[in-house]
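Here is how the chains run, residue by residue.
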Amino acid sequence: MSYKLFIPGPIAVSEKTLRAMAQPMIGHRSADFVALFNAVQPELQALMYTKDPVYISTSSSWGCMEGAIRNVVKKKVLNCMNGAFSDKWFDVSKRCGKDAGALKVEWGQPVEPDALRAELATGQYDAVTLIHNETSCGCMSDLPALMAVLRDFPDVISIVDTVSSCSVVPIKKDELGIDVLITGSQKALALPPGLSLMSVSKRALERAATVESRGYYFDFLEFQANWEKGMTPSTPVIPLIYALKSKLDDIKAEGLDARHARHAQLNKMVRDWGFAKGFKLFPKEGHGSLSLNCFANTLNYDIAALNKILKAEHNLVIDGGYGKLKGKTFRISNMGDETVETITSLIASLDAALAKTPKLAA
């Protein structure tokens, strides 16, 4: 299976990162593990622009997203919804037995600060969930503007999914006042799936201490108690933490500002290609993701056929649209370790494959 992923996650993993996973196993309660755990903390905190602890969870990000609901919601949670994954978070909240409200807009539309303010002003809520970069439709909401609203409601705990935006754009957790910031390994960090990272504020920990039925695996207080010892509550996926350390070394060497600039440059390259072909972005103008481009299939190409050609003849794949947008959109990732050279090669492959791709009947 020698083809390269340009889907919005998992994304391609470098040979250097894969080799980092092949180190000898160590005990997860050993001094060697404590040294490894503590070695990644300063760079994780730098990545998230925070002084708060960064917990390491052996799970997909959904584990921490559900766990955050269980830890901080006592009264009612407001789920901000503008795509498949934010819609799912509302369902998760209800499955956790929590009272949940929905601030729902059309897929591809950003969550608007005024709408958030109006909901919070009702006084019903003590927590809110936000997906910064809704991967399903390539829409990036204005997180600083939304957090400015939340700062006016100090009793509301903010839970922010940055799964596909962390390390793509600066997300200054402490400056913005984010209480729970969550990201995952398999998107912009260009690691294999299976690791979630979560930074939790002091006031979120204080809220958790008052909430019953938090469970165990994602209990913030268990994470904190173990973090103080340089450990995780449960057996961690040690090879992925070795890979994480390798990736953090790469990020430090590149520099965060340079990493953000590179993602913006590569995103624009793909976007300019799409516009030149006659495609339009699916999300609202000014709110397109910088991690990927979600194009509306305005030219009515057979996207499934396009992907088959890309895989068979060019050893790469893109995404053919998520959920109800399948075939109506297509998504191309520029996250992780991509360069001008790799994106230039991708665009050449797209041109060649598109020339052979049939259009669907109107």
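Residues numbered from 1 in each chain as written. Predicted model: local features only at pLDDT ≥ 70, side-chain atom pairs only at ≥ 80, totals over all residues. Heavy atoms only, no water.

Moving on, we get to the pattern of salt bridges. In the structure shown here, the tally under the stated rule is 21 salt bridges. A salt bridge links Arg-214 to Asp-219; its shortest N-O distance comes to 2.7 Å. Considered together, Arg-214 and Asp-219 belong to a single accessibility category, that of buried residues. Here Lys-247 ties to Asp-250 by a salt bridge, and the two come within 3.8 Å at their closest N and O atoms. Of this pair, Lys-247 and Asp-250 are both found in helix H10 (residues 238–254), three residues apart, which corresponds to roughly one turn of the helix. On the accessibility criterion, Lys-247 (1% relative accessible area) is buried. With relative accessibility at 25%, the residue Asp-250 sits in the partly exposed group. One salt-bridge network, held together by shared partners, links Lys-16, Lys-247, Asp-250 and Asp-337. (Salt bridge = Lys/Arg side-chain N within 4 Å of Asp/Glu carboxyl O. Buried < 20%, exposed > 50% of the residue type's maximum accessible area, 1.4 Å probe, protein only. Helix = DSSP H or I, 4+ residues; strand = E, 2+ residues; numbered from the N terminus.)

Turning our attention to the pairing of strand S2 (residues 54–57). What you see with S2 is no split at all: Val-54 and Ile-56 on one side and Tyr-55 and Ser-57 on the other are buried throughout. Bridge count between S2 and strand S10 (residues 196–200): four bridges; the pairing is antiparallel. Counterpart to Val-54 in the pairing with S10 is Ser-199. (Pairing = 2+ DSSP bridges.)

The next subject is the sheet that holds strand S14 (residues 329–333). Across the sheet, which stays open at both edges, the three strands sit in the order S11-S12-S14 with antiparallel pairing between neighbours. The sheet is open, and its two edges are formed by strand S11 (280–281) and S14, each paired on a single side. With two bridges joining them, S11 and strand S12 (residues 292–296) adopt antiparallel strand pairing. What sits directly across from Leu-281, in S12, is Phe-295.

This part covers the packing of aromatic side chains. Per the counting criterion, the structure on display carries eleven aromatic pairs. Considering the side-chain rings of Phe-85 and Tyr-322, the 4.9 Å spacing of their centres and the 45° angle between planes classify their relative orientation as tilted. You can see Phe-85 sitting in helix H4 (residues 84–95) and its partner Tyr-322 sitting in the loop between strand S13 (316–317) and S14, a full 237 residues away along the chain. With a relative accessible area of 22%, Phe-85 lands in the partly exposed category. Grouping aromatic residues by their ring pairs yields a cluster made of Trp-273, Phe-279, Phe-295, Tyr-301 and Phe-330. The aromatic ring of Trp-107 is capped on one face by Lys-324, whose charged end is 4.4 Å from the ring centroid. Its guanidinium or amino end placed over the ring of Tyr-301, Lys-359 lies 5.2 Å from that ring's centre, counting from NZ or CZ. (Phe/Tyr/Trp six-rings, centres within 6.5 Å; stacked < 30°, edge-to-face > 60°. Lys NZ or Arg CZ within 6 Å of the ring centre and 35° of its normal.)

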